[in-house]
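Coordinate inspection notes
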Amino acid sequence: MTKIYIAADHGGYVLKAVLIAHLKGREIIDLGTESPESVDYPLYADKLADHLKTDLTALGILICGTGLGMSMAANRHPHIRAARCSTGLDADLARRHNNANVLCLGGRTLGDDLAKHIVDHFFQASFEGGRHQRRVNQFSDFAC
Ligand code: RB5
């Protein structure tokens, strides 16, 4: 079963706990934060990206207030394809077409039920390859 790393800042701390409970039975590694105290989201995006670098088959979930900062920070890493999703269809297509390996969620913008729905779609879908692989390969052509 695919290993899942999860991390959040204070804006995603509550939703992180909800999703860990929702994903019970999966291999899930919690990288923090451990309290609602204010922390800097890029540090958590970076920590999760480092874990995925040594475990390229794993997937990640990053949660901040909006999911935006986490996705921007995570996508600075060439091996990360982070998708900030707000619908189940976003999550489905992020996996099927973009081979996203990190799902970014907004702890202050999504309700618990919608967040669980998005997570379920993300983990149920798989990359389709083919023309989508060619397009994803092109990402590294533009790396600085
Ligand atoms: C923290 O207040 C907030 O800026 C952060 O959680 C996130 O929304 C950033 O994108």
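Residues numbered from 1 in each chain as written. Predicted model: local features only at pLDDT ≥ 70, side-chain atom pairs only at ≥ 80, totals over all residues. Heavy atoms only, no water.

With that settled, consider helix 5 (residues 112-124). Under the 1.5 Å per step criterion, the end-to-end length of helix 5 is 18 Å for 13 residues, consistent within 8% with the ideal 18 Å. Looking only at helix 5, the buried set comprises A115, I118, V119, F122 and F123. When helix 5 is viewed along its axis, its buried side chains cluster within an angular range of 125° and face the same direction. Among the exposed residues of helix 5, those oriented more than 90 degrees off its buried face are D113 and Q124. (Helix = DSSP H or I, 4+ residues; strand = E, 2+ residues; numbered from the N terminus. Expected span 1.5 Å × (residues − 1). Buried < 20%, exposed > 50% of the residue type's maximum accessible area, 1.4 Å probe, protein only. Arc of directions from axis to C-beta.)

In this section: the pairing of strand 5 (residues 102-106). Within strand 5, five of the five residues are buried, which leaves it mostly tucked inside the rest of the structure. Side chains V102, C104 and G106 of strand 5 all project onto a buried face; the interleaved residues L103 and L105 project onto the opposite face, where all are buried too. The handedness of the strand 4 (residues 82-84) to strand 5 crossover, carried by helix 4 (residues 88-96), is right-handed. (Right-handed = clockwise from strand over helix to strand, strands pointing away.)

Within the open sheet, the five strands sit side by side as 2-1-3-5-4. Their pairing is parallel. Strand pairing shows two members of the sheet lacking a second neighbour, strand 2 (28-30) and strand 4, which therefore form its edges. Sheet twist, expressed as the mean angle between neighbouring strand axes with direction ignored, is 20°. Bridge analysis of strand 4 against strand 5 gives three bridges, and the strand direction is parallel. Its bridge partner being in strand 5, A83 is matched across the sheet by L103. (Pairing = 2+ DSSP bridges. Axes fitted to C-alpha atoms, helices over the stretch in contact; angles between N-to-C directions.)

What follows concerns the packing of helix 1 (residues 13-22) against helix 5. Closest axis-to-axis distance for the helix 1/helix 5 pair is 10 Å, and the angle between their directions is 50°. What the angle tells us is that helix 1 and helix 5 run oblique. Seen from above, helix 1 lies across helix 5 with right-handed handedness. Along its contact with helix 1, which presents L15, V18, L19 and H22, the element helix 5 presents D112, A115, K116, V119 and D120. (Parallel < 35°, antiparallel > 145°, perpendicular 65-115°, else oblique. Left-handed = near helix turned anticlockwise from the far one by under 90°. Contact = heavy atoms within 4.5 Å.)

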